[in-house]
Amino acid sequence: MVVAQPVLPEQACSTANTDTVKELLRIVRALAKELHPHLRATEDATLGSHLERDLGFDSLGRVELVLQLSKAFAVRLPDSILAEAETCRDLLAALLAADPQTAHLSAQAATDAPARTEDQARVEAPATAQTLVEVLEYHVRAHPDRTHVRVAAKDDHEDPLSYGGLRSAACEIAFGLIDAGLASGDRVGIMLGTGLDFFQSFIGTLYAGGVPVPIYPPARRSQVEEHLRRQAGILRNAQAGFLIVADELREVGPLLLGLAGDLRHVLTVGALRGGGAIETPMPAGPEATALIQYTSGSTGDPKGVVLSHANLLANVRAMGTALDVGPDDVFVSWLPLYHDMGLIGAWLGPFYYGVPTVIMSPLAFLADPARWLRAMSRHRATLSAAPNFAFELCCKSIRDEDVVGLDLGSVRMIANGAEPVSPATIRHFTQRFARYGFRPGAMAPVYGLAENAVGLAFPPLDRVPVVDRIVRLAISRDREAIPADAADETALSFVACGRPLPLHQIRIVDEAGLELPERREGRLQFKGPSATSGYFRNPEKNRTLFDGEWVESHDRAYIADGDVFITGRIKDMIIKAGRNLYPQEVEALVGQIEGVHRGGVAAFAGSNAQTGTEGLVLLVETRVRDAQKRAQLTRLVSESCARVLDMVPDVIELVPPHTVPKTSSGKIRRAAARALYEAGLPALRRRGMRMQMLMLALSGLRGQAWQLWRRARELAFAAWFWALLGASIAVAGPALMLLPRRRWRHGVVHRAARLFLRLAGMKPRVTFDGGPPPEAAILVANHASYLDALVLIAAFPGALAFVAKKELAGQWIAGPVLRRLGTLFVERSVASEGVEDAAVLLEAVRAGERLVVFAEGTLTRMPGLLGFHLGPFVIAARSGRPVVPVTIRGTRSILRGEQWFARSGSTAVDVAAPIPPEGEDFSAAIRLRAQVRPAILARCAEPDLLYERVVIPTAQTRQAPG
């Protein structure tokens, strides 16, 4: 619904009193906190906060808010404010219009900046900032001298940088770039190591209107020339006109000018500073590109993930909500700044929230892993992050004498991500450092990818990592994650990587693109406000990146109890020591070595059986047979990878020509090569290579045949489901429309529903806590699927009065059927009508109706329990009726929202003991909801989605064309 925004009189703004704004926001925050105690946005409410989307006020919540405002300001607000007010500013305008003598507004208070009613020293996040530039401007206005980041140098010396200092340096660098000819939108490569220069250059590029492109800096001076030649591929793809380098690279700048055609200037930070400073940053909107994050190597197919300011801020805010980031947090990191986890997770996240951050170089960590832990101890860090290999390295290399006096008790969360997470590593690290105060719940396996900025799934805070042991054959053949017995020594173990971040969604789909139920492995797709718009100048890769509105992760996974379990990758990318390696790059490099059969190298990821960490495995074809020469060739391969990639392969297998599997067109079949390697090359050689390839081919055919049979069964069940449902409607429909008494009609529908569910193999298992619920009760249930109402009709004999959305009443089939069953319709989107509907429901309850309410108000395709609307609890409190929590399980996997492909599964209904209201007022309704929702959440085996704000479409939106 489009509502005209009220205009505030100019004269009122000039004579205003900021106490009015403070009191208004105090009331809004207090009531929002009472309604949604776990919603962090309620504490940061501003005049620009949306009443429904940001603060969760439904129709009855708006009524209570208007009543409290009217009482506090001694005014009578118009009834129209219930429907028309969208933000806190609208409420303020209504207060002013109601009584100009008692409600005033200042021009300063009318801005989106939070009104401070608490300690002025408290650091608040810039909730209304739309760009990274606005974030820094906000912090500079609020606390310019506050230390933003400390860069740890040698001997634990730290170079501090304040928000004000960052802005000053950024303005100088921006002036230098603009003076050199930078135009808005130009890409600027930043090839700098960990240091103050990097942060200043990144922000300076944004201030100048440019787009930063972080590039991996050379690890050693002796490799500079070769390294620059390889990074030129990224510069060419990005069409970067500028490159900012360290002082030691100044002399080799002319080399890059010839390798990257668009590159016009290779500059140092020193050369950019000193010429002057811009006064204000160049303008940029939220959809402007803020970063191009390259995820691949330089020589093959560079992939630059395009991320806007809106993408980055959405991801930072979602991660902050999941981590409950606050002003008392401290972040310590050694992650490289050219990588998304280090750049966005470890720097831009704390940068946004005003969290003090200590950053050391990756080389400092690799040289002495204990420095990371000592820094966390010294700074009383609460947050950090690292790839899986870092935890394993700490366990292997840190001695007790290296960490004397270490105290990790302040750490509340360390994210373990960026590469496959090993259950063994988690166990080793947690046990090793428990004596130093590290809590098991502080280890947080997470999942993310550059295509979603960085973070996508996080576990609940302070939860001990969940490890799922599943049957090996079931996952490999049937793609089912069936829990294994404790005695099963062949079981596979996967670590839960958490649940989707707020406002983001994950789904698992099969090869046909249809969403799979829980514990079925498939392709992981995602969507949300952090998702990239695509790869920069790479239309071929973009065609495989998107599936409608969903983005392909190119990872395989399954979901269980709402948690994501990553099982492998579809893409060939290799992740080693937190770095991304693309096999084409490695294969091309090794293929140039004398003695290696050209085109006969396969590079793929292999798992270390002892540590569980992922490594680089090479199958290298050669005709060399002499043992001494083979050893020398192996050494050359290792040295070449170390020199060029700064990475040593974990396994180098020299094999005869024609060993590496290829397609008919000559492309390397890396998955088949990995299967060949895991099958045991030495044993297979004794059987002969032809026999080995034949066995692999037969194994592949068996697998394909099994998948085809499985797909046929799924299609057959879906057809049977809908045919059976159609037949049930055809039989029960006429009786429903003709029978004169409502109880008879409910009896027919009850028996038809039971028969349908029984024949479909999904008859609900109904359990009661304390016996069947009383007739004089309101049944409140979770809403997971289109099947929920049918399951409840089958579970409860007798007449039920469902509460349904009003738009169903107008449907030509559903409307008449629902009315014959006594359904009560409510308006979800118009507040004033919602209040009138609540009065109708109250009268129905008092008349003896047995209400059934889906308190979430809607259903979603993703697993989880949304927040509950207050309506049924207000009715229960005013009528004195108890509420019976009803939990439905299994229906979402059978037929979820947004999908009509039915899958087989089982259903269950758990009926808890009735909960009576403790009073008749608004607070009693809130207390009742606070008792009912946890009872359902504990039984539904799905995540808590209380933070998700699902805005119901308005009537105008539903009727709009298209």
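The rules behind the values
- Residues numbered from 1 in each chain as written.
- Predicted model: local features only at pLDDT ≥ 70, side-chain atom pairs only at ≥ 80, totals over all residues.
- Heavy atoms only, no water.
- Salt bridge = Lys/Arg side-chain N within 4 Å of Asp/Glu carboxyl O.
- Helix = DSSP H or I, 4+ residues; strand = E, 2+ residues; numbered from the N terminus.
- Buried < 20%, exposed > 50% of the residue type's maximum accessible area, 1.4 Å probe, protein only.
- Pairing = 2+ DSSP bridges.
- Axes fitted to C-alpha atoms, helices over the stretch in contact; angles between N-to-C directions.
- Patch = residues over 30% accessible without salt bridge, like charges linked within 9 Å, V, L, I, M, F, W, Y side chains within 5 Å.
- Areas by Shrake-Rupley, 256 points an atom, 1.4 Å probe, with all protein chains shown as cover.
- Phe/Tyr/Trp six-rings, centres within 6.5 Å; stacked < 30°, edge-to-face > 60°.
- pLDDT = per-residue confidence, 0-100.
- Contact = heavy atoms within 4.5 Å.

Draft legend 1. Molecular detail of the pattern of salt bridges. Tallying each qualifying case throughout the model produces 35 salt bridges. One salt bridge in this structure joins Asp 407 and Arg 380, with 3.4 Å as the shortest N-O distance. A residue pair is termed long-range when its members are at least 10 positions apart, and Asp 407 in the loop between helix H16 (388–397) and strand E12 (413–416) and Arg 380 in the loop between helix H15 (370–378) and strand E11 (383–386) qualify at 27 residues. Accessibility expressed as a relative area gives 36% for Arg 380, which makes it partly exposed. Taken together, the shared-partner salt bridges in this structure form one network comprising Asp 510, Arg 520, Arg 711, Glu 714 and Arg 903.

Draft legend 2. Main features of the pairing of strand E16 (residues 467–470). Only one face of E16 is buried, namely the one carrying Asp 468 and Ile 470, since none of Val 467 and Arg 469 on the opposite face is buried. Looking at chain direction, E16 and strand E17 (residues 492–495) are connected through 4 bridges and run antiparallel. In the sheet register, Arg 469 faces E17, and the bridge partner there is Ser 493.

Draft legend 3. Here's a closer look at the sheet that holds strand E5 (residues 242–245). With respect to topology, 4 strands assemble into an open sheet ordered E4-E3-E5-E6, the strand pairing being parallel. A strand with exactly one partner marks an edge of an open sheet, and here the two such strands are strand E4 (211–214) and strand E6 (265–268). Looking at each pair of strands side by side, their axes are set apart by 25° on average, direction ignored. Summarising the sheet, E5 and E6 pair through 4 bridges and their orientation is parallel. Within E6, the residue paired with Val 245 across the bridge is Thr 268.

Draft legend 4. Up close: a nonpolar patch on the surface. Taken together, the side chains of Trp 720, Leu 755 and Leu 759 present a nonpolar region at the surface, about 300 Å² in accessible area. Locating Leu 755 in the fold gives a position in helix H25 (residues 742–759). You can call Leu 755 partly exposed: its relative accessible area is 49%.

Draft legend 5. Structural context of the packing of aromatic side chains. All chains considered together, the criterion is met by 27 aromatic pairs. Measuring from centroid to centroid gives 6.3 Å for Phe 198 and Phe 202, while their planes differ by 25°, and the two rings are stacked. Linking Phe 198 with Phe 202, this pair stays in helix H8 (residues 196–207), spanning 4 residues, or about one helical turn. Overall, Phe 198 belongs to the buried group, its relative accessible area being 1%.

Draft legend 6. Expanded view of the confidence of the model for the protein. In this model, the protein carries an average pLDDT of 82, and 85% of its residues clear a pLDDT of 70 or more. At the low end of the mean pLDDT range in the protein sits helix H1 (residues 10–14), at 36; at the high end sits H8, at 97. Here residues 101–121 is modelled with pLDDT under 50, and outside its nearest four sequence neighbours on either side it reaches 48 contacts, counting other chains as well.

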